[in-house]
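Chain and residue survey
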Amino acid sequence: HRRRWAVARDLAGAMALDDEAAAPVARAIVDSESEWSLRFLADLEDGRYDGADGQALARAQMYTQKYRGTANRAWVETGPEDAEYDWVMRGAEHCVDCPVLASMSPFRKSELAYLPGEGGTQCLTQCKCVVVRADGATGFEPF
């Protein structure tokens, strides 16, 4: 999360935070995710995924996909204070939250409670949407 935050700030045109300066931001994100990580570890230890082909891997990938959400948050936070952002749907399938968010666009920075990839929508970290700033700059695409 530390590197994603720093890289996203740099891409947004701000001077990138060095690793030491980005550490508190990354720590806050990791701390907020620790409940989910510990629950996953407990499920692995309890054998929940024994014989469940691919399910543990799919769940583990959700945690790495969260890096995109971190990068999107840093990109928006680094953007101009008065910028507006559209929630743009990409791909063919969406959860019920994404069309609602797209219809409510544009948003100011302070109005974006969730960003694609952060896990705040029903599609969690697998969101295919992007945020697009009014000047045409686009946040981080899904991988």
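Anything mentioned here points back to the structure above.
Residues numbered from 1 in each chain as written. Predicted model: local features only at pLDDT ≥ 70, side-chain atom pairs only at ≥ 80, totals over all residues. Heavy atoms only, no water.

Section: the packing of aromatic side chains
- Applying the stated criterion across every chain, the model contains two aromatic pairs.
- Their ring planes at 75° and their centres at 6.0 Å tell us that phenylalanine 40 and tyrosine 49 sit as a pair that is edge-to-face.
- Measuring from ring centre to ring centre gives 5.8 Å for tryptophan 75 and tyrosine 85, while their planes differ by 75°; the resulting arrangement is edge-to-face. Here tryptophan 75, found in helix H3 (residues 55-78), pairs with tyrosine 85, found in strand S1 (residues 84-88); they are 10 residues apart in sequence, far enough to count as distant.
- Taking the relative accessible area as the measure of exposure, tyrosine 85 reaches 0% and is therefore buried. (Phe/Tyr/Trp six-rings, centres within 6.5 Å; stacked < 30°, edge-to-face > 60°. Helix = DSSP H or I, 4+ residues; strand = E, 2+ residues; numbered from the N terminus. Buried < 20%, exposed > 50% of the residue type's maximum accessible area, 1.4 Å probe, protein only.)

Topic: the layout of surface pockets
- The space that makes up the largest pocket amounts to roughly 240 Å³.
- Counting residues per element, the ones that place at least two in the lining of the largest pocket are helix H2 (19-45) and H3.
- Sorting elements by how many residues they give to the lining of the largest pocket places H3 first, with four residues.
- Broken down by class, the residue content of the lining of the largest pocket amounts to four nonpolar, two polar and four charged. (1 Å grid on protein atoms, 1.4 Å probe; cavity = no way out; pocket = protein on both sides within 12 Å on 5 of 7 lines; lining within 4 Å. Points joined across faces, edges and corners; volume = space filled by probe spheres on them. Nonpolar A, V, L, I, M, F, W, Y, C, P; charged D, E, K, R; others polar.)

Examining the pairing of S1
- On S1, burial follows the alternation: Tyr85 and Trp87 on one face are buried, whereas Glu84, Asp86 and Val88 on the facing-out side are not.
- With two bridges joining them, S1 and strand S2 (residues 107-108) adopt antiparallel strand pairing. By the bridge assignment, glutamate 84 is partnered in S2 with arginine 108. (Pairing = 2+ DSSP bridges.)

Observations regarding unusual backbone geometry
- For the bond from serine 105 to proline 106, the omega torsion is 5°, close enough to zero to count as cis.
- Note on placement: proline 106 falls in the loop between helix H4 (97-103) and S2.
- Despite not being glycine, leucine 124 has its phi angle at roughly 55°, a positive value.
- Among the secondary structure elements, leucine 124 is positioned in the loop between S2 and strand S3 (130-133).
- Using a relative accessible area of 37% as the deciding quantity, one classes leucine 124 as partly exposed.

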